[in-house]
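Working through the structure, step by step
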Amino acid sequence: METDKKLKQQSNLIIFLCWAAYTAAYIGRLNFNAYIEPIRSQLGATKTELGLVSSFFFFSYGAGQLIHGILSKKYNIRYSVAAALIGSAAVNVGMIFCRDASAMKYVWFLNGVFQSILWSSVIKTLSSRLPDEMLSKAIVMMSTPPAIGTFLTYGTGAAMSALGVNYVYIFMIPAIILAVVGVIWFIAVGSIKIEYRADKTSPLSENGKKKNAFTPIFVFGIIALTVAAIANGFIKDGVTTWTPSILKEIYGMKESFSILVTVLLPLIAIFGAGFSAFLHKKQKNTFALNGMLYLAEAVVLLIVLINAKAVSGSSSVLNSPVILLVLFGISAMLMSAVNNIITSIIPMYMRDSFNSGLLAGVLDTLCYVGSTLSTALLGYIADRNSWTGVFFCLLCFGAAAFAVCAVYVTVTKLKKTEQ
């Protein structure tokens, strides 16, 4: 009993340390975007110049996810995570000394390099050091850093902007937090001795020969998962990015209130993580889960599209921003659930068959591919076809993801029936 108690305590400590590391990472990642307008006015930079700073970060982060996902199997996570956090802290300090946007983009590029180490390393830590009964708790906990990081960073940025604070402090505060968490990680992880021993044997057929993993069903599964991941990033970040503009242009809301709503959406999304963990206990087939969630998302987006067309009419009971906000809140929760299934549940519950760090890195990268597509494509559509075109595009992505998942589930069931 004493051993079980100690095991549980150390498991909880691992979950907390991973949570703290990734929350700190978000604070040191979103701070530039949260304070981009004051930085622009204080430096006299253009939107294009500052937009390049974010683009440089995404490029290095996306490429780094793949590289570090592959290499994570070789990493000593005590050192890799600590180095990533302290390296990101150093980069934030470096931003304080940048006096123009052209220098900032190269420094922020390095932030993407360091930050891209974290997700695959954190997932590897959780999958290799936790017993099965603790995985569900870890999955729910690790879904909250994006929401908490967004709320804290944008909230701090809004307060500092109102007070007219110099932009150096938006980098100084995260630098301190990152460095402190990095040191705590290095000290605390070194004291944790438990490790889950995953079964690394290759799957065997009934006659004892090694199974061929790259079957048509397996390849189709990879395609279905890729479509689901890209659609997730596209819808999730597309809605978050353009919500302030939608509320301002369709309903004439004040800019400050529309931004506040954008900050609150990730907090609502936290419930999606718990929802996905609950569903996974009932249904272990992750493709079936994603299919059900995307079906619900398609219905929500269809109602959003109908609502947008109603607003353009002379009068309608649907002509209300409250309805749109409720629908966006449901969408955020559903896409958070899908994101949790793709980037957390799948890598951690497949730890006996695959390198969890690599799988988490690749799937997270695919979600970011969707995020990148949404920013440019939806903006282009909004300029040329109003917001109804944007909602129709989102609906198409949701419907496509549902269709691919549904077909995969149907095919695999037919295959089992034949066998």
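Conventions and cut-offs
Residues numbered from 1 in each chain as written. Predicted model: local features only at pLDDT ≥ 70, side-chain atom pairs only at ≥ 80, totals over all residues. Heavy atoms only, no water. Helix = DSSP H or I, 4+ residues; strand = E, 2+ residues; numbered from the N terminus. Buried < 20%, exposed > 50% of the residue type's maximum accessible area, 1.4 Å probe, protein only. Contact = heavy atoms within 4.5 Å. Phe/Tyr/Trp six-rings, centres within 6.5 Å; stacked < 30°, edge-to-face > 60°. Lys NZ or Arg CZ within 6 Å of the ring centre and 35° of its normal.

So, the overall build of the protein chain
On a plain count of helices and strands, the protein chain comes out with 14 helices and 0 strands. Secondary structure of the protein chain in N-to-C order comes out as α-α-α-α-α-α-α-α-α-α-α-α-α-α. Considering the protein chain as a whole, with its 419 residues, one finds that 49% of them fall into the buried category. Counting contacts in the protein chain only where the partners sit at least 6 residues apart, residues at least 24 apart contribute 83% of the total.

Focus on the packing of aromatic side chains
We describe a pair of aromatic rings using the distance from one ring centre to the other and the angle between the two ring planes. Scanning the entire structure with this criterion turns up 15 aromatic pairs. Ring centres of Phe32 and Trp108 lie 6.1 Å apart, and the angle between their planes is 45°; on these two criteria the pair is classed as tilted. Here the residue Phe32 occupies a position in helix α1 (residues 2-34), and Trp108 occupies one in helix α5 (residues 101-115), the gap between them amounting to 76 residues. The interplanar angle of 75° and the centroid separation of 5.7 Å between the aromatic rings of Trp108 and Phe171 together place this pair among those described as edge-to-face. With Trp108 in helix α5 and Phe171 in helix α9 (residues 168-190), the pair connects residues that are 63 residues apart, well separated along the chain. Accessibility classification places Trp108 together with Phe171 in one group, the buried group. By way of ring pairs, the aromatic residues Phe32, Phe57, Tyr61, Trp108, Tyr167 and Phe171 are connected into one cluster. The cationic tip of Arg78 hangs over the ring face of Tyr79; the distance from NZ or CZ to the ring centre is 5.9 Å. The positively charged end of Arg78 is found above the aromatic ring belonging to Phe186, 4.0 Å away from the centroid.

Re the environment of Trp387
Looking at the element boundaries, Trp387 is found in helix α14 (residues 356-418). Trp387 sits in the buried class, given a relative accessible area of 8%. When the C-alpha positions of Trp387 and Ala308 are compared, they lie 7.5 Å apart, and in sequence the two are 79 residues distant. Sequence-distant contacts of Trp387, that is, excluding residues within four places in its chain, are made with Trp242, Ser245, Ile246, Glu249, Ile250 and Ala382.

Keep in mind these values describe shape, not function.
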